[in-house]
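The residues making up each chain are set out below.
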Protein chains: 10
Amino acid sequence: MSDYLVHIDVSGIYALPEPERHELVARERAAGRKLIDAGTLVKLWSVPGKKGNFGIWSADTPDELHEALQSLPIYPYATFEVHPLATHPLFA
Amino acid sequence: MSDYLVHIDVSGIYALPEPERHELVARERAAGRKLIDAGTLVKLWSVPGKKGNFGIWSADTPDELHEALQSLPIYPYATFEVHPLATHPLFA
Amino acid sequence: MSDYLVHIDVSGIYALPEPERHELVARERAAGRKLIDAGTLVKLWSVPGKKGNFGIWSADTPDELHEALQSLPIYPYATFEVHPLATHPLFA
Amino acid sequence: MSDYLVHIDVSGIYALPEPERHELVARERAAGRKLIDAGTLVKLWSVPGKKGNFGIWSADTPDELHEALQSLPIYPYATFEVHPLATHPLFA
Amino acid sequence: MSDYLVHIDVSGIYALPEPERHELVARERAAGRKLIDAGTLVKLWSVPGKKGNFGIWSADTPDELHEALQSLPIYPYATFEVHPLATHPLFA
Amino acid sequence: MSDYLVHIDVSGIYALPEPERHELVARERAAGRKLIDAGTLVKLWSVPGKKGNFGIWSADTPDELHEALQSLPIYPYATFEVHPLATHPLFA
Amino acid sequence: MSDYLVHIDVSGIYALPEPERHELVARERAAGRKLIDAGTLVKLWSVPGKKGNFGIWSADTPDELHEALQSLPIYPYATFEVHPLATHPLFA
Amino acid sequence: MSDYLVHIDVSGIYALPEPERHELVARERAAGRKLIDAGTLVKLWSVPGKKGNFGIWSADTPDELHEALQSLPIYPYATFEVHPLATHPLFA
Amino acid sequence: MSDYLVHIDVSGIYALPEPERHELVARERAAGRKLIDAGTLVKLWSVPGKKGNFGIWSADTPDELHEALQSLPIYPYATFEVHPLATHPLFA
Amino acid sequence: MSDYLVHIDVSGIYALPEPERHELVARERAAGRKLIDAGTLVKLWSVPGKKGNFGIWSADTPDELHEALQSLPIYPYATFEVHPLATHPLFA
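Residues numbered from 1 in each chain as written. Chains lettered and ligands numbered in written order. Predicted model: local features only at pLDDT ≥ 70, side-chain atom pairs only at ≥ 80, totals over all residues. Heavy atoms only, no water.

Can you walk me through the pairing of strand 1 (residues 2-9) of chain G in this structure?
Side-chain positions along a regular strand alternate between the two faces of the sheet. Residues and elements named next belong to chain G. Relative to strand 3 (residues 52-59), strand 1 runs antiparallel, the two being bridged by eight bridges. Within strand 3, the residue paired with Val-6 across the bridge is Gly-55. Where strand 1 lies against strand 4 (residues 79-84), six bridges are found, and the strand directions are antiparallel. Bridge pairing links Val-6 to Val-82 in strand 4. (Pairing = 2+ DSSP bridges. Helix = DSSP H or I, 4+ residues; strand = E, 2+ residues; numbered from the N terminus.)

Right under this line is the structure:
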C-alpha cells in the first residue's frame, strides 16, 4: 500500500440549495466512514476557514485511489490535488 | 491564545440581489460585534477598492478559529486565507 | 494616520555569512524599537516556518511609509508587500 | 494628498443585458466627471483590448480613496487593484 | 496540541558542496529523531522526484511550531509552507 | 504621441557593491532628467517598500519607447512591464 | 504603423446556444476580412486545441488598435492579451 | 508523424445534467476509439482525482491535431493544453 | 506496475562549465539506457526549445519511482514534476 | 511546413561580462541571418523594455524546430516558450 496526500476543495457544493447540500454532506460522511473502515482513508483534517480538507489516503495503485475518489458523492462538485508520497528514511 | 491574520474575500455576496445582500451584511455586522466582544475578532480593516477585509483574529486552537469563521453568516459566500502568526521578538 | 499591512520577506539575509547576518539582525532590532517608539511600527508578528514577518504600520502618507521601510538596515536584502488599509465600519 | 495607481477591471458588466449595461456606463461616466472635478480622479486611460482602465487617483487617506471607489456605479461588478504611490526624487 | 501540515523544500542544500551537504543531512536526521521522540514531528514522507517532504507536526501554539522549525539544521537553506489543520468531524 | 504605463523593477542593482550602486543611480537620475525634458518621461512615482517605480512614458511608436528604455543606465539590471494605454472617453 | 501581437481567447462564446454561436462566428469572419483588407489584421493563426487565436495586428496608435478590437462582434465574449512589438535589428 | 502530449480538462461537462453528461461521454468514447484506430490517439491515461486525462497524440501537422481535437464531442466543454514533443536521443 | 508522467527540467546543468556538463549528460544517458532496459523508463521525449523532457515512467510504488529518479546523475541539478496516472477506460 | 510562435527570453546573457555579451550577440545575429535565409525564422520582433523577442518560426516537425533553437549561440543562456500554430480559416 502507498500513501497519498489529497487536498479536496468542496466549495462547489455551496452552489447547491442548502437542504440538498446537507443531504449530500450526510451521504459523503457515510461514504467516508466506509473508506476509513476499509483502510483507504487513513486520516482527514479540516482547514481553518476553508471549504475543503487535507487527507492521507492509502491505496495499492493510482487506479485504486482514483476509484475511491470517484466513488465519493461530492466528486462531481469537488476538485482534488493528489500528491504521491514515498517513505521517508526517518519513518522507514 | 494565538493570533491569526485572516483575509476574507466577500465578493461572492455581490451575486445576491441587493436587498438580500444588505440583510446578510447586517447579520454579518451583528455576528462581528459578538466576536469582538468575545475577544475572537481583535481588529478588522477594509481594503481600498476591495470587497473584503484583513483582520487579526485570536483563538486557542485552529479548531476554535475554524468554528468562529464557519459561524459567520457570509461563510457560504466568502473565501478565507488564514495565516498563523507567532510572537515576534520585538513584541515578546 | 493610516494603517498599512506590510509583509516583509527577509530570506535574502540568509545569503550573508552568519556573523554578518547576526550583526545585521541586531541593527534591525534596534531600528525596529525606534519605529515602535515613534508609533510607526504598531505591531509585528513572526510567521511559523517563514523567514519574514507580518506587521501593522502607521503613517500619514505613502511617502512617510516608504521612508520608514527604506530606513530599515535589512531593506537592501528584503522584499516588501504593502497593503493600504481603510477603517472597517465595525472599528469606525 | 497622495497618488494611487488604480486598475479597474469592468469585464463583469458584460454579464448584464446590453441596454442595462449602456445605462450603467452612462451613470458611471457622470460619476467619473464629478470625481474629476473634485480632483479625486486625476487621469484615466483605456487599455487596448481590455474591458478596464488604469487611472491615477488622489486622496488624503486610504479611507477617502475607498469611499470614492465604492461610490462608483460599477463598483458591484468590477474588481480593483490599488497601488499606493510615493513621490519619486525626480518629481519631488 | 494542534496538527499542522508542513511542506519543506530543501532544494537549497544542493548549493552546498557534497561533503558539507551529507554532514548537514546527518545532523538534520538526528534533530528529526529528537522531534519525533518529543511528539512534535508526528509523520514525515518524501515526495517522488522532489527535494523536500510533507510532514504532520503537532504543537500547542504557532510559537512552539516556529521554534521547532527554526531549530532544524536545514532551516537557513529551506523554505516552509505551514497549513494549520482542524479536527474533521469524521475523526472527532 | 501615445502614453505607456511602465513598471520598472530595479531590485537587480542591489546585487552591486554599494559605491557602484550609488554611482549607477546618479547616472540614472541624470538620464531621467533628460527624458523628462524631452517629454518622453511624463511622470514617475516610487512605490512604498518597493525597489522600483511606476511611470507614464510617452512615445510616437513602440520602437521609440524601446530605445528610450534601453538607453537607461539601469537597463541591464532591471525588468520592465510595459502597458500600452489608449485615450479614455472621459479624457478625450 | 506599429505591429502588435494579440492573443484572443474566445472560449466565452461557447456559453451561447449553438445557433447563436455560429451566427456570431459568421459575423466575426466578415469583420475579420474587412480588417485584413484594411491592413489592420496582418496575420491570424488558430492554436491546436485552443478556443482562440494569435494574430499580428498593425495600427498607428494604441487608440486605433483598441478601436479595431472593440469593433469585433466577439468583443463582449472574448479576452485579449496585447503585446506591443518593436522592430528587431534583424528585420530593420 | 509527430507526437504531442495533450492534457484535457473535462470538468466543464459536470455542469450538464447527469443523463446528458453520460450520453456525451458515450459519444466521446466512440470518437476516441476511432481516433485510436486511426493512430491519432496513441495512449490515454486518467489522472487520480482529476476530471481529465493526459494523452499522447500523433499528427503530421498542428493543423491535423487541431482538427482531431475539435472533432471531439466534449470539445465545447473542455480545455486543452498541447505540448509539442521532439525525439529524445535515447529513443532516436 | 503503475505509470507516471514525469517532467524533468534540466536547465540547472547549464550553470556547469561545458566540459563538466557534457560528461554529466553522457553519464545521464548511460543511466537512462539501464532504466529503459529495466522497464522503468518507458518513453522519453525532448520538448522543442526546452532544457528538459517529458517521460512515461513505470514503477510498482512511489518509493520505487523516487529511488529511480534520485539515482539519475542529473538529480542534484534538476527539478521533477511527477503526475501519477491511472488506467483510462479506452485503454483498460 | 508549420508555423510556431516562439518567445525567447535572453535576459540570462546579461549575467555575462559586457564584451563577452556583445560577442555572443554578434554570433547570434549571424546565426539568425542564416535561419532567415533558410526560411526557418520567418519574422522577429523586439518587445519594448524586454530582453527578449517574439518570432514566427517555420519547420516541418517539432524535431526540426528543436534543432534550430538548440543551434542558437544564446541557447544555453535563454528560455523559450513555443506555441504550435494552426491555419486560421481567414488565412486558409
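There's more to say after this.
What's the story with the interface of chain G and chain J in this structure? I'm lost.
Bring the parts together and some accessible area is lost; that lost area is often taken as the interface size. Taken together, the contact pairs 26 residues of chain G with 26 residues of chain J. Buried area between chain G and chain J, both sides added, is near 2500 Å², and the carbon and sulfur share of it is 74%. Looking at the side of chain G facing chain J, the largest losses of area belong to Trp-45, Leu-90 and Phe-91 of chain G, adding up to 27% of the total buried there. Linking chain G with chain J are zero salt bridges, by the criterion used here. Counting every contact that joins chain G to chain J gives four residue pairs in polar contact (both at pLDDT 80 or more). (Contact = heavy atoms within 4.5 Å. Buried area = accessible area lost by both parts, 1.4 Å probe. Salt bridge = Lys/Arg side-chain N within 4 Å of Asp/Glu carboxyl O. Polar contact = N/O pair within 3.5 Å; in protein donor to acceptor, adjacent residues only side chain to side chain.)

Explanation requested: the side chain of Asn-53 of chain D in the structure shown.
By the secondary structure assignment, Asn-53 of chain D is in strand 3 (residues 52-59). Setting aside its immediate chain neighbours within four residues, Asn-53 of chain D contacts Val-6, His-7, Ile-8, Leu-44, Trp-45 and Val-47 of chain D together with His-88 of chain F.

Whenever I open this one, the sheet that holds strand 4 of chain G confuses me. Can you help?
Sheet strands pair via backbone hydrogen bonds, and the direction of the pair is either parallel or antiparallel. If you walk across this open sheet you meet the five strands as 4(G)-1(G)-3(G)-2(G)-5(J), and the pairing is antiparallel. Every other strand in the sheet has two partners, leaving strand 4 of chain G together with strand 5 (86-87) of chain J as the edge strands with one partner each. Across five bridges, the pairing between strand 2 (residues 41-46) of chain G and strand 3 of chain G is antiparallel. Its bridge partner lying in strand 3 of chain G, Trp-45 of chain G is registered against Phe-54 of chain G.

Hey, could you run me through the relation of the copies chain I and chain H in this one?
Here the second copy of the chain follows from the first by a rotation about an axis and a shift along it. Superposing chain I onto chain H takes a rotation of 180° combined with a translation of 0.0 Å along the rotation axis, leaving an RMSD of 0.0 Å. Such a combination of turn and shift is consistent with a two-fold rotation axis. (Least-squares fit on C-alpha atoms with pLDDT ≥ 70 in both.)

Quick question: what am I supposed to make of the relation of the copies chain G and chain J here?
Each copy superposes on the other: chain G lies on chain J with an RMSD of 0.0 Å after a rotation of 180° and an axial shift of 0.0 Å. The residues that chain G uses at the interface reappear at the interface of chain J in 100% of cases, marking a shared surface.

Explain the interface of chain I and chain H here, please?
Taken together, the contacts link 26 residues of chain I with 26 residues of chain H. For the pair chain I and chain H, the summed buried area comes to about 2500 Å², and 74% of that belongs to carbon and sulfur atoms. Looking at the side of chain I facing chain H, the largest losses of area belong to Trp-45, Leu-90 and Phe-91 of chain I, adding up to 27% of the total buried there. Linking chain I with chain H are zero salt bridges. Between chain I and chain H we count four residue pairs in polar contact (both at pLDDT 80 or more) in total. Of all elements in the fold, only strand 1 (2-9), helix 1 (18-37), strand 2 (41-46), strand 3 (52-59), strand 4 (79-84) and strand 5 (86-87) of chain I reach the threshold of two or more residues within the side of chain I that touches chain H. Among the elements that take part in the side of chain I that touches chain H, strand 2 of chain I stands out by supplying six residues, more than any other. Here the residues of the side of chain I that touches chain H are counted per class, giving 16 nonpolar, six polar and four charged. One ladder, built from two bridges, connects strand 5 (residues 86-87) of chain H with strand 2 of chain I; its direction is antiparallel. If you follow Ala-86 of chain H over to strand 2 of chain I, its bridge partner there is Ser-46 of chain I. (Nonpolar A, V, L, I, M, F, W, Y, C, P; charged D, E, K, R; others polar.)

What should I look at first to understand the environment of Thr-40 of chain J in this one?
Residue and element names in this part refer to chain J. Inspection of the secondary structure assignment puts Thr-40 in the loop between helix 1 (18-37) and strand 2 (41-46). Each C-alpha atom of the pair Thr-40 and Leu-5 lies 12 Å from the other, and the pair is 35 residues apart in sequence. Beyond its immediate sequence surroundings of up to four residues, Thr-40 is in contact with Leu-35, Ile-56, Trp-57, Ser-58 and Ala-68.

I'm lost on the pattern of salt bridges in this one. Help?
Side-chain pairing between opposite charges can occur once the charged atoms of the two side chains come close. Counted according to the given criterion, the structure contains 20 salt bridges over all chains. Residue Lys-50 of chain B is joined to Glu-81 of chain D by a salt bridge in which the shortest nitrogen-to-oxygen separation is 2.8 Å. On the criterion of chain membership, the pair formed by Lys-50 of chain B in the loop between strand 2 (41-46) and strand 3 (52-59) and Glu-81 of chain D in strand 4 (residues 79-84) is interchain, its members lying in two chains. Looking at Lys-50 of chain B, the relative accessible area reads 30%, which means it is partly exposed. (Buried < 20%, exposed > 50% of the residue type's maximum accessible area, 1.4 Å probe, protein only.)

What should I look at first to understand the side chain of Glu-28 of chain H in this one?
All names here are of chain H. Among the structural elements, Glu-28 can be located in helix 1 (residues 18-37). Nearest to the buried, unbridged Glu-28 among oppositely charged side chains is Arg-27, at 7.3 Å. Side-chain polar atoms of Glu-28 contact the backbone nitrogen of Ile-74, separated by 3.1 Å. Sequence-distant contacts of Glu-28, that is, excluding residues within four places in its chain, are made with Leu-72, Pro-73 and Ile-74. (Lys, Arg positive; Asp, Glu negative; His and termini not counted.)

Just checking my understanding: could you explain the packing of aromatic side chains for this structure?
Where two aromatic rings form a pair, the distance of their centres and the angle of their planes describe that pair. One pass over the full model with this rule turns up 20 aromatic pairs over all chains. Consider the rings of Tyr-14 of chain E and Tyr-75 of chain I, whose centres lie 6.2 Å apart with planes at 80°: the pair is edge-to-face. Separated into two different chains, Tyr-14 of chain E in the loop between strand 1 (2-9) and helix 1 (18-37) and Tyr-75 of chain I in the loop between helix 2 (62-70) and strand 4 make up a pair that spans both. Among the residues examined, Tyr-14 of chain E registers a relative accessible area of 25% and is labelled partly exposed. In this structure Tyr-75 of chain I comes out as buried when scored by relative accessible area, which is 4%. Aromatic rings pair up to connect Tyr-14 of chain A together with Tyr-75 and Phe-80 of chain B into one cluster. Of note, Lys-51 of chain J hangs over the ring of Tyr-75 of chain F, and the distance from its end group to the ring centre comes to 4.2 Å. (Phe/Tyr/Trp six-rings, centres within 6.5 Å; stacked < 30°, edge-to-face > 60°. Lys NZ or Arg CZ within 6 Å of the ring centre and 35° of its normal.)

Fair warning: the whole summary comes from geometry, so function is off the table for now.
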